[in-house]
Every structure is written in structure tokens, then in C-alpha cells.
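Residues per chain, in single letters:
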Amino acid sequence: MVGVGIFMILLALALAGLGAADQRALWWRFQARRFRDPEANEPSDSEYRSKRIVAFVCAAVMVGMAVWTFSLAAQM
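Visitor: Any chance you could break down the environment of Leu-13 for me, citing the residues and the numbers?
Guide: Along the polypeptide, Leu-13 turns up in helix H1 (residues 2-20). Considering only alpha carbons, one finds Leu-13 and Gly-64, 51 residues apart in sequence, at a separation of 13 Å.

Here you go:
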């Protein structure tokens, strides 16, 4: 059970890192090449903001699940 909790914390760190990264730079690095005219298909600022919020919320959920997993492991 402790290994699962550690994995969740590592996943939360990765998600927090993605949330802290520049979303526009990530889009231009990994998604823009799929479009013939990337400037016309670039997401809006609100979409970048929502992706950042979702990443931080998922990281918080992962931390909560890790704490729950550690508490279950302590009871065993």
C-alpha cells in the first residue's frame, strides 16, 4: 500500500509541474505541428487557464488519495 501512495505522490508532482508550466509553450511544442495553420487553431486563453486549473485539481486529488492510502496502510 505504501508503494501505491508513493506512486500517487509522484504523479501529483508531475501534474503540478504540468500545471505550473507555460501552457501556450506546451501547445506550440507538441500540438501545433498537426495543423496547417497553427495560429488559427491555437486555443483561447480561457482554455489554457482551464487546463492549468484541471492539472492542479488533479494533483490535489492525487495528494488526498495518497494521504488516504497511507492512513489505510497505517491501520493494517
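Picking up where we left off.
Visitor: Residue-level account of the packing of H1 against helix H4 (residues 45-75), with values.
Guide: Where H1 meets H4, the axes come as close as 8 Å, and the angle between the chain directions of the two elements is 165 degrees. Between H1 and H4, the angle is such that the two are roughly antiparallel. For the pair H1 and H4, the crossing hand works out as left-handed. For the pair formed by H1 and H4, the contact residues are Val-2, Val-4, Gly-5, Ile-6, Met-8, Ile-9, Leu-11, Ala-12, Leu-15, Ala-16, Gly-19 and Ala-20 on the first element and Arg-52, Ala-55, Phe-56, Cys-58, Ala-59, Met-62, Val-63, Met-65, Ala-66, Thr-69, Phe-70 and Ala-73 on the second. When the residues that make up the contact of H1 with H4 are grouped by side-chain class, the tally is 20 nonpolar, 3 polar and 1 charged.

Conventions used here
- Residues numbered from 1 in each chain as written.
- Predicted model: local features only at pLDDT ≥ 70, side-chain atom pairs only at ≥ 80, totals over all residues.
- Heavy atoms only, no water.
- Helix = DSSP H or I, 4+ residues; strand = E, 2+ residues; numbered from the N terminus.
- Axes fitted to C-alpha atoms, helices over the stretch in contact; angles between N-to-C directions.
- Parallel < 35°, antiparallel > 145°, perpendicular 65-115°, else oblique.
- Left-handed = near helix turned anticlockwise from the far one by under 90°.
- Contact = heavy atoms within 4.5 Å.
- Nonpolar A, V, L, I, M, F, W, Y, C, P; charged D, E, K, R; others polar.

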